[in-house]
Amino acid sequence: MNNKTKTPLFHVSRRAALPWYKTWAIRGAALLLALVLSGIITSLVTGEDPFAVYGAIWKGSFGTTRKFWVLLQNIAMLLCVSLAVTPAFRMRCWNLGAEGQALIGGLASAACMITLADKLPNWAVILCMIVTSLLAGAIWAGIPAFFKARFNTNETLFTLMMNYVATQLVAYYCVVWESPKGSGTIGIINPKTQIGWLPQFPSQKYLLNVVVVAVVCVLVYIYLNYSKHGYEIAVVGESERTARYVGIKVEKVIIRTMLLSGAICGLAGLLLVGSTNHTLTTTIVDGRGFTAVMVSWLAKFNPVWMILTSFLLVFLGRGAGEIATKFGLNRSFGDILTGIILFCIIGSEFFINYEIKLTRGAGKEG
Amino acid sequence: MDNKIAAVTMRNITKRFGPTLANDKVWLNIYRGEILALLGENGSGKTTLMNMLSGIYFPDEGEIAIDGKPVVIRSPKDAFALGIGMIHQHFKLVDVLTAAENIVLGLPGKLDLKAASRKIKEICDTYGFEVDPDQKIYDMSVSQKQTVEIVKVLYRGADILILDEPTAVLTPQETDKLFAVLRNMRDDGKAIVIITHKMHEVESLSDRVAILRHGQFIGDMPTKSTNAQEMTNMMVGHPVTLNIDRPEPVDPHPRIEVRDLTVRDIEGTVKLDHVSFTANSGEILGIAGISGSGQKELLEAIAGLQPVESGSIEYVDDSGKREQLIGKDPFAIQEMGVALSFVPEDRLGMGLVANMDLGNNMMLRSYRKGRGIFTNRKAPYKLAHQMVDFLEISTPSVETPVRRLSGGNVQKVLVGREIANAPSVLLTAYAVRGLDINSSYLIYDTINSQKMRGVAVIYVGEDLDVLLELCDRILVLCGGKVSGIVPGRGAKKREVGMMMTKLGGEADE
């Protein structure tokens, strides 16, 4: 009965580390494959010329100066939230509450703008906004961190639930502060006095966010890779037992890192409310708290690579919107293309870590 | 024996892991009615070779034949169908199920535990096992679990058995029992392969030895016609001496004084029960005992990692000043100026960070040094380079994650870092477990040189022969209590073995 077993055609084995140019060749090939695949699907399903569709995707981000700045602003905000979750992720602490932490930071900013506008000078209001939004975000992350450190609760579920609490709080205050009355929304805050609006570079409305996030990116990179805290985070993430063995206070590191994570989320909320939108809605963070998870993972928790991955995701998202309007396609079609591209890119990591060996002389020899 | 058809013939087997050649054109014959000892240093490819036989890996090149017929083994299931069963170092049993349930788990057909129990009894009677089919796994000792693993393999009809370092976790008495069973199985016509590092076991048990070095097949011969020295030389590739040095203690005076130490685990079970002893500087204190007798808790209590219920652990410095260590974590102990080094049993899970490279692992002990918020990254990498040269660590570079290194090299990294601290107390748990002869002797030498420096060494070991040769005094633990402390010079193996299983060691009869 054993005669029937045939030598397998191929088997999978682990590769040694590849030189960097080979890994990038594999990734490039994956991107190329993704473009060809999505081109074929586009022509089959919609009958549109795939090159025209690619062109539209490109134009969605680079078509006009304005679109380009919207692209930059979106990258900056997504990157900001991604930078926030990364220290926690490096510690293998899955902070899925960035959405809520940013929202609560935004709520704190809006509260300062609305309630302090006629009591304090502009600079003091802005100072209050900065302090309270960072603090609010930190507290929102600190609560689950405390319970994780103290009672070993599951941070994934806890931070997720905190998102709903934040959304409900904002929904409540949207009614309390509604303007005009009966609209159920806050509208632009202090439209005339512009109190609490963060200062802008004269040339560009969105430049402030981009600059702030760029600085945060550099700081987070240095903090994680070169500081004693960053080293402790890495050790705790890899093995709590090793951390205790060298006398690292694991509970302290968990709480400290989550506070930092939340504070950066709070900063994102501050920028969204104080600089970009000058208003507050329950959807102002726009799912970035969750997209950030993908940005951070794709970049393997490296802040510098995250610039690239957040660009990729924002670029694809803007492109999806553009083809939806230009070709009258459903927006979901853009999402399908995004899915194909991400699938190929993530899938290419398999071929970087493993190789497929064909078995020589399969099934012959006897 | 010459004309017999081999139960297993492995021809020209080659297996690569990336650029590493784990097996290089290996030829090996395994015969029925024979116990084959497979010897080789760490990383010589013994386990890889056997994993290909049991279907875990698939060879890149070469053929395998069973009873002269070529076969293809793609999975453990294929291996079982061919009657090949492997007992791994780490048991694969479900704790909450009984022995019988574990044994029939995953087998096709109707679940008939009664019939299974009968068949298990039969197997046990044939070979002299003792297994209670209805006992839960979590109630079993390590040796009982191992027995269940062996019965599981036999139950599935295996007649070619591979055991990967089966005695690493057993007491001398348990080892004797296992060997008796293995001999019975051999006499019953089964083919048995045993992977081990312990020479005296090879000599007392096996009929034939086969030796691998650096993935290549070096040779095989009947055990009777060779000796430990020759086998070791073949494994290593050059002559080595097999004696462990034991220099006289250097100016011993009390360094660690433990009084009435009592420790309970989280479930409230007493792990250490009023343990008292003194560890002297310039001396190696061996700790013997069946695994799980409180060795881990004892070392971790001294290192500040284990909460203590009562008792005292005092550190005595050179001027005679005493400091209480209980209630302090490792960082606090370090801050007190006590250079306490600890080589824990779980190297990759506790002593090192598996995914970090050598340099970053060196940094674990030193990253707090220096003012400011930044780490000094140059010093640890320099230290890593020194360690690689000094301890002959074979690694592609100091930027290689330690999980990619072989067991012996991982241990060298850990021991190297711990002695780089210039300790005054060195705690080691199973320092040579899984290490080959060469690496083991390097570790013994390193420990001895620390002793000569005046370090108080506490050496938890499992190989009684080594404990008796290396240690100045041996403390025997039995069920969390001190069964006795004997001088290392002149102690009898049997006597210490008895003390491990019975307080005080006196037999009833």
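## Remarks on the overall build of chain A
And then number 1: Within chain A, the secondary structure is distributed over 13 helices and 2 strands.
And then number 2: Looking at chain A as a whole, 42% of its 366 residues qualify as buried.
And then number 3: For chain A, restricting intrachain contacts to residue pairs at least 6 apart in sequence, the fraction spanning at least 24 positions comes to 77%.

## With respect to the interface of chain B and chain A
And then number 1: Contact with chain B, which involves 32 residues of that partner, is made by 25 residues of chain A.
And then number 2: Breaking the side of chain B that touches chain A down by element, the ones donating at least two residues are strand E5 (69-71), helix H10 (330-335), helix H11 (347-351) and helix H12 (358-366) of chain B.
And then number 3: Of the residues belonging to the side of chain B that touches chain A, the class tally is 19 nonpolar, 6 polar and 7 charged.

## Describing helix H8 (residues 228-236) of chain B
All names here are of chain B.
And then number 1: Taken together, the buried positions of H8 are occupied by Met231, Thr232 and Met235. Each buried residue of H8 lies within a common arc of 100 degrees when the element is viewed along its axis, so the set occupies one face.
And then number 2: As for H8, its buried residues are in contact with strand E3 (34-39), helix H7 (199-205), strand E9 (208-213) and helix H15 (437-452).
And then number 3: Positive phi appears at Gly237, one or two residues downstream of H8, with a value of about 100 degrees.

## Some points on the sheet that holds strand E14 (residues 310-316) of chain B
All names here are of chain B.
And then number 1: Here 4 strands make up an open sheet; going across it, the order is E12-E11-E14-E15 and the pairing antiparallel. In the strand order of this sheet, the two ends are held by strand E12 (270-280) and strand E15 (322-324), each with one partner. Neighbouring strand axes in the sheet, compared pairwise and without regard to direction, differ in orientation by 20 degrees on average.
And then number 2: As defined by bridge partners, E14 adjoins E15 across 3 bridges and the pair is classed as antiparallel. Within the sheet, the bridge partner assigned to Glu314 lies in E15 and is Gln324.

## Things to note about the sheet that holds strand E2 (residues 20-30) of chain B
Residues and elements named next belong to chain B.
And then number 1: Within the open sheet, the 4 strands sit side by side as E2-E1-E4-E5. Their pairing is antiparallel. Where the open sheet ends on each side, the last strands, each with one partner, are E2 and E5. Each strand of the sheet is rotated relative to its neighbour by a mean of 30 degrees, with strand direction disregarded.
And then number 2: Inspection of the sheet shows strand E4 (residues 61-66) paired to E5 by 3 bridges, in the antiparallel sense. Counterpart to Ile66 in the pairing with E5 is Lys69.

## Quick word on the domain arrangement of chain B
All names here are of chain B.
And then number 1: The domain architecture assigned to chain B consists of domain 1 (8-236), domain 2 (243-339 + 423-436 + 454-509) and domain 3 (351-421).
And then number 2: For domain 2 versus domain 3, the distance between C-alpha centres works out to 27 Å.
And then number 3: Its residues assigned to classes, the side of domain 2 that touches domain 3 shows 5 nonpolar, 1 polar and 1 charged.

## A closer look at the nonpolar core
And then number 1: Of all hydrophobic cores here, the largest spans 240 residues; its most connected members are Leu79(A), Cys80(A), Val81(A), Ala268(A), Leu53(B) and Tyr459(B).
And then number 2: Every residue in contact with Ala268(A), bar those within four places of it in the chain, is listed here: Met77(A), Cys80(A), Val81(A), Ala84(A), Ala102(A) and Gly105(A).

## Observations concerning the environment of Ala76(A)
And then number 1: The topology assignment puts Ala76(A) in helix H3 (residues 65-90).
And then number 2: Between the alpha carbons of Ala76(A) and Thr281(A) there is a distance of 20 Å; along the sequence they are 205 residues apart.

## A look at H15(B)
For an α-helix, 3.6 residues make a turn, and residues three or four places apart therefore share a direction.
And then number 1: When the terminal C-alpha atoms of H15(B) are compared, their 22 Å separation across 16 residues agrees well with the 22 Å that a helix rising 1.5 Å per residue should span.
And then number 2: A positive phi of about 95 degrees marks Gly454(B), the residue just after H15(B).

## Thoughts on the pairing of strand E11 (residues 254-264) of chain B
Looking down a regular strand, the side chains alternate between one sheet face and the other.
Residue and element names in this part refer to chain B.
And then number 1: Bridging between E11 and E12 involves 7 bridges; their strand directions are antiparallel. Across the sheet, residue Ile256 finds its bridge partner in E12, namely Ala279.
And then number 2: Between E11 and E12, which pair antiparallel and follow one another directly, the connecting turn spans 5 residues, one of which, Gly268, has a positive phi of 95 degrees.
And then number 3: Summarising the sheet, E11 and E14 pair through 5 bridges and their orientation is antiparallel. Across the sheet, the residue bridging to Arg259 is Ser312, located in E14.

## Looking at the packing of H3(A) against helix H7 (residues 207-226) of chain A
All names here are of chain A.
And then number 1: In the contact formed by H3 and H7, the axes pass within 9 Å of each other and the chain directions differ by 20 degrees. Put simply, H3 runs roughly parallel to H7. When the axes of H3 and H7 are compared, the crossing they make is left-handed. Two secondary-structure elements touch here, H3 through Leu72, Gln73, Ala76, Met77, Leu79, Cys80, Leu83, Thr86, Pro87 and Arg90 and H7 through Asn209, Val210, Val213, Val216, Cys217, Val220 and Leu224.

## Looking at the pairing of strand E13 (residues 283-288) of chain B
All names here are of chain B.
And then number 1: Summarising burial for E13: 6 of the 6 residues are buried, a large majority.
And then number 2: Side-chain alternation along E13 places Glu283, Leu285 and Ile287 on one buried face and Ile284, Gly286 and Ala288 on a second face that is also buried.
And then number 3: Both E13 and strand E18 (residues 456-460) contribute to a ladder of 5 bridges, which runs parallel. Opposite Gly286, over in E18, you have Tyr459 as the bridge partner.

## Digging into the packing of H7(A) against helix H10 (residues 250-277) of chain A
Residues and elements named next belong to chain A.
And then number 1: Where H7 contacts H10, the two axes come as close as 11 Å, and the packing angle between them is 170 degrees. Relative to H10, H7 is oriented roughly antiparallel. Remark: the crossing between H7 and H10 carries right-handed chirality. Side by side, H7 and H10 meet where Leu208, Asn209, Val212 and Val216 of the first sit next to Ile264, Leu271, Ser275 and Thr276 of the second.
And then number 2: Residue composition of the contact of H7 with H10, by class: 5 nonpolar, 3 polar and no charged.

## Looking at unusual backbone geometry
And then number 1: Look at the link from Ser179(A) to Pro180(A): it is a cis peptide, with omega at -5 degrees.
And then number 2: For Asp251(B), which is not a glycine, the phi torsion comes out positive at approximately 40 degrees.
And then number 3: Note that Asp251(B) resides in the loop between H8 and E11.
And then number 4: Of the residues examined, Asp251(B) has 9 C-beta atoms within 10 Å and is grouped as exposed.
And then number 5: In this structure, Glu392(B) is a non-glycine residue whose phi angle is positive, near 50 degrees.
And then number 6: By secondary structure assignment, the location of Glu392(B) is in the loop between helix H13 (378-390) and helix H14 (407-420).
And then number 7: For Glu392(B), a count of 13 C-beta atoms within 10 Å gives the class partly exposed.

Criteria and cut-off values
Residues numbered from 1 in each chain as written. Chains lettered and ligands numbered in written order. Predicted model: local features only at pLDDT ≥ 70, side-chain atom pairs only at ≥ 80, totals over all residues. Helix = DSSP H or I, 4+ residues; strand = E, 2+ residues; numbered from the N terminus. Buried ≥ 20, exposed ≤ 12 C-beta atoms within 10 Å, placed from the backbone. Contact = placed C-beta atoms within 7 Å. Nonpolar A, V, L, I, M, F, W, Y, C, P; charged D, E, K, R; others polar. Arc of directions from axis to C-beta. Pairing = 2+ DSSP bridges. Axes fitted to C-alpha atoms, helices over the stretch in contact; angles between N-to-C directions. Domains from an automatic or database assignment. Core = buried A, V, L, I, M, F, W, Y, C linked by C-beta atoms within 7 Å. Expected span 1.5 Å × (residues − 1). Parallel < 35°, antiparallel > 145°, perpendicular 65-115°, else oblique. Left-handed = near helix turned anticlockwise from the far one by under 90°.

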